[in-house]
Amino acid sequence: MTARTRTYAVVGLTLATAVTTGCSGTGSHAGTGGPASGSATVSRQNQPAPTESNPPGDIPDNQVYVAYRPTGGSYTGFTVKVPEGWARTSQGGTTAFTDKLNTVRITAVSASGAPTASSVTNAVVPRLRSQVPRFSSPAVSEATRRAGRVVLLTYQGDSARNPVTGKVVRDAFERYAYYRAGHEVDLTLSGPVRADNVDPWRIVSDSFTWR
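Counting restarts for each chain: residues are numbered from 1 in the order of the written sequence. At least 70 in pLDDT is required for a residue's local features to be given in this predicted model, at least 80 for side-chain atom pairs to be given and counted, and no such filter applies to totals for whole chains, interfaces and linings, which use all residues. Calculation of side-chain values draws on the structure's entire complement of heavy atoms; hydrogens and water are dropped beforehand.

1. What to know about the overall build of the protein
Here is step 1: Strands are runs of DSSP state E lasting at least 2 residues, helices are runs of H or I lasting at least 4, and numbering of each runs from the N terminus. In terms of regular secondary structure, the protein is built from three helices and 10 strands.
Here is step 2: Going residue by residue from the N terminus, the α and β elements of the protein occur as α-β-β-β-β-β-α-β-β-β-β-α-β.
Here is step 3: Think of it in three bands: residues with accessible area under 20% of the maximum for their type are buried, residues over 50% are exposed, and the middle band is partly exposed, with areas taken using a 1.4 Å probe on protein chains only. In the protein, buried positions account for 32% of the 211 residues.
Here is step 4: Across the protein, contacts joining residues at least 24 apart in sequence account for 48% of those joining residues at least 6 apart. Here a residue-residue contact requires only that any non-hydrogen atoms of the pair lie within 4.5 Å.

Below you can see the structure in the form of structure tokens.
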């Protein structure tokens, strides 16, 4: 082989190696970047859009309320609004309206005098302490609703165990004691401790009227 021929051969081999290396580098780069970008796109597409949901026990803002007027029992001279569609049960002198984790409980009794913060503290709190599982945090105060002055008792306790799931929920209670002319009506509102039911409970407690 002549010197010129050997020179051409070396140059040709060098060019072939450069082309091969360049193609290999381009392919490697595309193979690394391409699928990663594609996988991220597919992953985002497969994720469901975030949805909003109320915490357990929250009463919907669009809840409708209807007037409840007792037609029997020891006393029928009052009206109170309750959430529409809630299941109604009656036992003794108590009527309750329940939906999922929330309850509105109404009890009418005869009373010789108006309840006071002292009478609720000394008589009602000990009774509830013996009836409500893990009763705690009682606080008694006087409040004003549209029907007039009321005695408000707030406390916490465990719910009854769910017969299907076995789950027990920690509940918060608001108990309003209304009084007029020898008649006391106790309105108890309850739901999970973390539920935001301030507005619904205000609607119900403010709706109470004497007839």
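2. Some details on the environment of Ser90
Here is step 1: As for its placement among the helices and strands, Ser90 is situated in strand β3 (residues 87–91).
Here is step 2: On the basis of relative accessible area, Ser90 is assigned to the exposed category, the value being 52%.
Here is step 3: Along the backbone, Ser90 and Thr107 are 17 residues apart, and their C-alpha atoms lie at a distance of 9.9 Å.
Here is step 4: In the analysis that follows, any N or O atom pair within 3.5 Å is treated as a polar contact, provided that within protein one partner can donate a hydrogen and the other can accept it, and provided that, for residues neighboring in sequence, both atoms belong to side chains. Here the side chain of Ser90 touches Thr95 through a polar contact of 3.4 Å, side chain to side chain.

3. A few points about the sheet that holds strand β5 (residues 102–110)
Here is step 1: A strand pair is defined by DSSP finding two or more bridges across the two strands. Reading across from one edge, β3-β4-β5-β9-β8-β7-β6 is the order of the seven strands in this open sheet, with antiparallel pairing throughout. Where the open sheet ends on each side, the last strands, each with one partner, are β3 and β6 (136–145). Across the sheet, the mean angle from the axis of one strand to that of its neighbour is 20 degrees, orientation sign disregarded.
Here is step 2: Alignment of strand β8 (residues 170–180) against strand β9 (residues 183–192), held across 10 bridges, turns out to be antiparallel. Fitting a line to C-alpha atoms yields each axis, with helices limited to the stretch in contact; the angle taken between N-to-C directions then spans 0 to 180 degrees.

4. Side note on the side chain of Ser207
Here is step 1: If you trace the backbone, Ser207 turns up in helix α3 (residues 198–207).
Here is step 2: For Ser207, a relative accessible area of 15% translates into the label buried.
Here is step 3: If we ignore the near neighbours within four places in the chain, the residues touching Ser207 are Thr79, Val80 and Lys81.

5. Looking at helix α2 (residues 117–131)
Here is step 1: To estimate the expected span of a helix, subtract one from its residue number and multiply by 1.5 Å. Relative to the 21 Å expected for 15 residues at 1.5 Å per residue, α2 spans 20 Å between its end C-alpha atoms, a close match to the ideal helical length.
Here is step 2: In the structure, α2 departs most strongly from a straight axis at Val124, where the bend amounts to approximately 35 degrees and where the proline Pro126 lies between one and four residues downstream.
Here is step 3: Taken residue by residue, α2 has Val120, Val124, Val125 and Leu128 as its buried positions.
Here is step 4: Residues of α2 that are buried sit in contact with β6, β7 (148–158) and β8. Two axes are fitted around each residue, one to the seven residues ending there and one to the seven starting there, and the angle between them is reported as the bend at that residue.

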